[in-house]
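Observations on the three-dimensional arrangement
These are the residues of each chain, in order.
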Amino acid sequence: MKLHVKKGDTVIVASGKDKGKTGKVLLALPAQQKVVVEGVNVVKKHVKPSPNNTQGGIEEREAAIHASKVRLVDPESGKPTRVRHQIVDGKKVRVGVKSGKVID
């Protein structure tokens, strides 16, 4: 399976409780069609004490959301865009549909 976004991309959440938030993709999970976005879908996780974390307690961390809920940010306009694939100089690249600019 492939995703329209990858690690390091800036995305906007299109639907759900965090609609409108912008963040960077921290982790892409193509097998599950999910992504983890910085500052989006923050959940509280109860953590047991361990040698690394002797205190334990409640942590806040980002949980995965479905990739269809995020839209890539166009590098030129800063607005959400879809992605088109083109071959430029013998290399397959992603191109923003709105501006036509190469994203990677």
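Structure report, in brief. (Residues numbered from 1 in each chain as written. Predicted model: local features only at pLDDT ≥ 70, side-chain atom pairs only at ≥ 80, totals over all residues. Heavy atoms only, no water.)

Details of the pattern of salt bridges
Pairs can form between side chains of opposite charge once their charged atoms are near each other. Heads up, the condition is: We define a salt bridge as a contact between a side-chain nitrogen of Lys or Arg and a carboxyl oxygen of Asp or Glu at a distance within 4 Å. Whether a residue is buried, partly exposed or exposed follows from its accessible area with a 1.4 Å probe, protein chains only, as a fraction of its type maximum: under 20%, in between, or over 50%, in that order. Numbering goes from the N terminus for both helices and strands, where a helix is a DSSP run of H or I of at least four residues and a strand is a run of E of at least two.
Considering all chains together, one arrives at 5 salt bridges under this definition. Put simply, lysine 21 and aspartate 18 hold a salt bridge, and the shortest N to O gap is 3.1 Å. With a relative accessible area of 38%, lysine 21 lands in the partly exposed category. Classification of aspartate 18 as buried rests on a relative accessible area of 11%. Ionic pairing is found between lysine 101 and glutamate 76, a salt bridge with its closest N-O pair at 3.7 Å. You can see lysine 101 sitting in the segment after strand E10 (91–96) and its partner glutamate 76 sitting in the loop between strand E7 (70–73) and strand E8 (80–81), a full 25 residues away along the chain. Taking relative accessible area as the criterion, lysine 101 reaches 41% and is therefore assigned partly exposed. For glutamate 76, a relative accessible area of 53% puts it in the exposed group.

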